[in-house]
Amino acid sequence: MTLPGSAPIVDRVRRRLAGSGAPPSRSALAGLVREESGGLVGDADLLQLVRDAEDEMSGAGPLEPFLRDPSTTDVLVNAPDEVWVDQGAGLRRVLVRFPDDAAVRRLAARLAASAGRRLDDASPWVDAALPDGTRLHAILPPVSDGATRLSLRVLRHRAFELADLLLAGTLTAQSRDLLADMVAARLAFLVSGGTGSGKTTLLSTLLGLVDPAERLVLVEDAAELRPAHPHVVRLVARPPNVEGAGQVSLQDLVRQALRMRPDRLVVGETRGAEVADLLAAMNTGHEGGAGTVHANSAAEVPARIEALGSLAGLRAQAVCSQLLAAVDAVVHLRRDRAGVRRVVEIAVLERVDGLAGAAVAVPAWRRDGGPCEGAGRLLSLLAARGGLA
């Protein structure tokens, strides 16, 4: 925890290091902290001051203690004196304060630089992955009215098991068994939901159930999927550099993945023209493919995929036809007001009678016990592919 009254000392240390160009080593920081504190602090306080200085020089400043906490999923800075943290039970405001907006901007720019990106008046926003995998988004005034906004999404490298998700309330015993059967039967599926609903966590867990003899090729915008599987090949997209060159898109990587002998092709997040290549790949004999997509409900997934397909210049009829041929099911998650992520529906994709190329997601299992017209269809798919225990 940050030592009260440490900000002036840490700020003086920062200015001295910046002026000298010296690397912020622990020994250098300890010496400077002792000098700037006048030697009037005890050993315990000195150690805390050194840690505060380390956080300011190379960590996330006053946000670092939250990033170290294994329960933290998101840290959001709306203003120097307005910081929110999600530690699994929804957002709550915490008693953290930056000296001013310049300090927030300085932190955001340093974090962006550590990810190889720039953040300044010419490039007033950044979306990048930090070296430890934390997802950074920052936006500067005047684009962000009034203050620098900083968002950090923490990615935990722990591989979850179905039992963990059952204990957390994400799954019920019935949905757990259905999802395990879907993976065993090599059904192709999409995991849908809003931001922070647990799509990546669930997909990583399900990929851990894949036969160890199969080769998984993961295509991601950021390296977020962490399946507990022995044969994983990960391809990660790359944004353009400061000169605007060197970009590697998800669309590029999906095409490369097809040449890498995947048993299962997985796209971490489908959100653009790469949907055309993903659907094409799933229609070339690569069973058991998967991905995530943002959608408000399972029923809206066909329309969402149709909209993404239009970015690739595909007609709606062509997108829906490929979707029906490539994807068997949709697993939808929702985060409730208490912050608990839950699988609320499993749906199967079916063709709309009388409408060529039109697809609809039909509920096959619902957490609320509502009507499930597609239950028979899902069981038939599982039985036909040997996925039922």
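Residues numbered from 1 in each chain as written. Predicted model: local features only at pLDDT ≥ 70, side-chain atom pairs only at ≥ 80, totals over all residues. Heavy atoms only, no water.

S.K.: I tried to follow the packing of helix 10 (residues 274–282) against helix 12 (residues 316–326) on my own but got confused; where do I start?
M.R.: Where helix 10 contacts helix 12, the two axes come as close as 8 Å, and the packing angle between them is 45°. By the criterion of interaxial angle, the relationship of helix 10 to helix 12 is oblique. Taken as a pair, helix 10 and helix 12 cross one another with a handedness that is left-handed. Where helix 10 abuts helix 12, its residues Ala276, Leu279, Ala280 and Met282 lie against Val319, Gln322, Leu323 and Ala326. (Axes fitted to C-alpha atoms, helices over the stretch in contact; angles between N-to-C directions. Helix = DSSP H or I, 4+ residues; strand = E, 2+ residues; numbered from the N terminus. Parallel < 35°, antiparallel > 145°, perpendicular 65-115°, else oblique. Left-handed = near helix turned anticlockwise from the far one by under 90°. Contact = heavy atoms within 4.5 Å.)

S.K.: In this structure, what is going on with the sheet that holds strand 5 (residues 135–139)? I would like to understand it.
M.R.: Within a sheet, adjacent strands bond to each other through the backbone by hydrogen bonds, running parallel or antiparallel. Strand order in the open sheet formed by 6 strands is 3-2-1-6-5-4, with antiparallel pairing between adjacent strands. Whereas interior strands pair on both sides, the edge strands pair on one side only; in this sheet they are strand 3 (91–94) and strand 4 (125–129). Direction aside, the axes of adjacent strands within the sheet are offset by 15° on average. Bridge count between strand 1 (residues 74–79) and strand 6 (residues 149–153): 4 bridges; the pairing is antiparallel. Counted as the bridge partner of Val75 is Leu152 from strand 6. (Pairing = 2+ DSSP bridges.)

S.K.: Quick question: what am I supposed to make of the sheet that holds strand 10 (residues 264–267) here?
M.R.: As summarised here, the arrangement of the 8 strands in space is 9-8-10-11-7-12-13-14, forming an open sheet in which the pairing is mixed. In this open sheet, the two edge strands, each paired with only one partner strand, are strand 9 (232–236) and strand 14 (359–366). Strand-to-strand twist across the sheet, computed as the mean angle between neighbouring axes with direction ignored, equals 25°. Sheet topology note: the strand 7 (residues 189–193)/strand 12 (residues 329–335) ladder contains 4 bridges and is parallel. If you follow Phe189 over to strand 12, its bridge partner there is Ala329.

S.K.: Please explain helix 10 as it appears in this structure.
M.R.: Helical geometry: 3.6 residues make up each α-helical turn, so side chains three or four residues apart lie on a common side. Here helix 10 lies mainly inside the structure; 8 of its 9 residues are buried. Within the span of helix 10, buried status applies to Glu274, Val275, Ala276, Asp277, Leu278, Leu279, Ala281 and Met282. For helix 10, the secondary structure elements touched by its buried residues are helix 9 (250–257), strand 10, strand 11 (290–294), helix 11 (301–311) and helix 12. (Buried < 20%, exposed > 50% of the residue type's maximum accessible area, 1.4 Å probe, protein only.)

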